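Coordinate inspection notes
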Amino acid sequence: LSGTAVRKGRLRFAQGVATDMAGGRSYEVARWTSPWVGPGYAFTELIASWSAKTPKDSWIKVQVRGRGGSGRTSWDVLGRWASGDRHLQRRTVSGQSDDGTSVAVDTWRTSGLSAFQLRVSLARRAGRSYRPSLDLATAMTSRVPASAGATSAPGAARGTVLRVPAFSQMVHRGHYPRWGGGGEAWCSPTSTSMVLAYYDRLPAPRSYRWVPDDHVDPWVDHAARMTYDHAYDGTGNWPFNTAYAAPLAGKAFVTRLRSVREAERLIAAGIPVVVSIAFGAGQLDGAPISSSNGHLLVLVGVRENGNVVVNDPAANTRRGVRRTYDRGQLERLWLEASGGLAYVITDRAHPL
């Protein structure tokens, strides 16, 4: 702890110990640094997640460094984030290619390190009294295999379909080009919004009263704005989506699962799972779009035959969102495209 204190389960700004600049303004900074964490293997990727509150003109910065045979790496910035966008344009810092590490939007890539540290800086406008705070910081490390392997056998969720509301990203085509323009660009905030709606934890109407009355599902427009990465120029930043969802639902983070069977353990506990896939023409039977370099949808259940029930936001209308995909096709496209990446969003009634 450096200028921070833990009270009632939250890491809070206590006093400034350094300064930082953003948008030409000066900020007081307090920090928390994790212990060194060794996952037990040489990892090549790391994705951090967090849940924070950033009142008024405050924000957080998340950094990571590693340790391996050649010593310690330098600190790399994974993102500057704020819950709103009035004072700070949240952004990642791709590149930073030095000492065998680099940042690719939301993913820290390494040549194979044995341990890491996270550092979170809480920043507030100099001279102000409000206190940004943090209640969750996670890091998922991976050494992703080249192929998916054999299709998993059906597991705990066979015959279970969760009643997750259906939202279409496509009804938002042309909405707010400065935040991606809707349509195919908004699969991530639409999927995140479906899970929040399932928990009855969508944002309060006052949050999206700036959206015109004739926009269907205005909370999706709001989610797109609140997850937009101004450096990546899109709403598909994985930890930005879970950081948006966490204060609304309770907890949320990015992880990787190794099979649909692992996801079934969550579904059986009443927890839908947002997953990241990619596919070419003819690779996903019954999909509403012919291909995608990167697409997110929600796993909501499993049929008796093991096939996977999803809410796919790429459908043109709400009615077409609920679909069933071949288990082997979907699992392979998920594992080989993103290494099984998933958003896990939970509320108090569905603890892990």
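Not measured: the values here are computed from a predicted model.

The rules behind each value
Residues numbered from 1 in each chain as written. Predicted model: local features only at pLDDT ≥ 70, side-chain atom pairs only at ≥ 80, totals over all residues. Heavy atoms only, no water. Axes fitted to C-alpha atoms, helices over the stretch in contact; angles between N-to-C directions. Helix = DSSP H or I, 4+ residues; strand = E, 2+ residues; numbered from the N terminus. Parallel < 35°, antiparallel > 145°, perpendicular 65-115°, else oblique. Left-handed = near helix turned anticlockwise from the far one by under 90°. Contact = heavy atoms within 4.5 Å. Nonpolar A, V, L, I, M, F, W, Y, C, P; charged D, E, K, R; others polar. Polar contact = N/O pair within 3.5 Å; in protein donor to acceptor, adjacent residues only side chain to side chain. Buried < 20%, exposed > 50% of the residue type's maximum accessible area, 1.4 Å probe, protein only. Expected span 1.5 Å × (residues − 1). Pairing = 2+ DSSP bridges. Core = buried A, V, L, I, M, F, W, Y, C linked by side-chain atoms within 4.5 Å. Salt bridge = Lys/Arg side-chain N within 4 Å of Asp/Glu carboxyl O.

1. Observations regarding the packing of helix 1 (residues 187–198) against helix 2 (residues 218–227)
When two helices pack together, their arrangement is given by the angle between the helix axes and the distance between those axes. One can describe the packing of helix 1 onto helix 2 by two numbers: an axis separation of 9 Å at closest approach and a directional angle of 120°. In terms of their interaxial angle, helix 1 and helix 2 are classed as oblique. Relative to helix 2, the crossing made by helix 1 is right-handed. Of the residues in helix 2, those touching helix 1 at Pro189, Thr190 and Ser193 are Trp219, Val220, Ala223, Ala224 and Thr227. Its residues assigned to classes, the contact of helix 1 with helix 2 shows five nonpolar, three polar and no charged.

2. Description of the side chain of Thr190
When you line up the elements, Thr190 lands in helix 1. There is a polar contact of 2.6 Å between the side chain of Thr190 and the backbone oxygen of Trp186. Beyond its immediate chain neighbours, meaning those up to four positions away, Thr190 contacts Phe167, Ser168, Gln169, Val220 and Pro313.

3. A short note on unusual backbone geometry
Although it is not a glycine, Lys56 adopts a positive phi angle of roughly 50°. Note that Lys56 resides in the loop between strand 5 (43–53) and strand 6 (58–68). Note on Lys56: relative accessible area 65%, which makes it exposed. Non-glycine residue Asp99 carries a positive phi angle of around 35°.

4. Examining helix 3 (residues 238–249)
Taking 1.5 Å per residue as the helical rise, helix 3 with its twelve residues ought to reach 16 Å, and the 16 Å between its terminal C-alpha atoms agrees with that figure. Positive phi shows up at Gly250, right after helix 3, with a value of about 145°.

5. Here we look at the sheet that holds strand 18 (residues 322–325)
Spatially, the six strands line up as an open sheet ordered 14-19-15-16-17-18, and their pairing is antiparallel. Taken across any chain shown, the strands that pair with only one partner, and hence form the sheet edges, are strand 14 (251–256) and strand 18. Strand-to-strand twist across the sheet, computed as the mean angle between neighbouring axes with direction ignored, equals 35°. Against the sheet, helix 4 (residues 260–268) makes contact with strand 15 (273–279), strand 16 (292–302), strand 17 (308–311) and strand 19 (341–346), and its axis sits at roughly 50° relative to strand 16, the strand it touches most. Its contacts with the sheet put helix 5 (residues 327–338) on strand 14, strand 15, strand 16, strand 17, strand 18 and strand 19, and the angle it makes with strand 15 is roughly 85°.

6. Some words on the nonpolar core
Within the largest apolar cluster, 69 residues are counted, with the highest numbers of intra-cluster contacts made by Val275, Ile277, Leu299, Trp334, Tyr343 and Ile345. Not counting chain neighbours up to four residues away, the residues in contact with Val275 comprise His295, Leu296, Leu297, Leu299, Trp334, Leu341 and Ala342. Membership of the second largest hydrophobic core comes to 23 residues, among which are Phe43, Ala52, Trp108 and Leu122.

7. Focus: the sheet that holds strand 11 (residues 107–113)
Spatially, seven strands are ordered 1-2-13-5-11-10-9 in an open sheet, and the strand pairing comes out antiparallel. The two strands at the open ends of the sheet, each matched to only one other strand, are strand 1 (4–7) and strand 9 (95–98). Recorded for the sheet is a direction-independent mean angle of 30° between the axes of neighbouring strands. Helix-sheet contacts for helix 3 involve strand 5 and strand 11, and the interaxial angle to strand 5 is about 30°.

8. Quick look at the environment of His295
Its place among the elements puts His295 in strand 16. Each residue touching His295, except ones within four places of it in the same chain, is listed here: Gln169, Cys187, Val275, Ser276, Ile277, Asp312, Pro313 and Ala314.

9. Description of the pattern of salt bridges
Evaluation of the coordinates by the stated rule reveals 14 salt bridges. Linked through salt bridges whose partners overlap, the residues forming this network are Arg10, Asp135 and Lys251.

10. Some words on the pairing of strand 9
Looking at chain direction, strand 9 and strand 10 (residues 101–104) are connected through two bridges and run antiparallel. The partner of Gly95 across the bridge, within strand 10, is Val103. What sits between the antiparallel neighbours strand 9 and strand 10 is a turn of two residues, in which Asp99 has the positive phi angle 35°.

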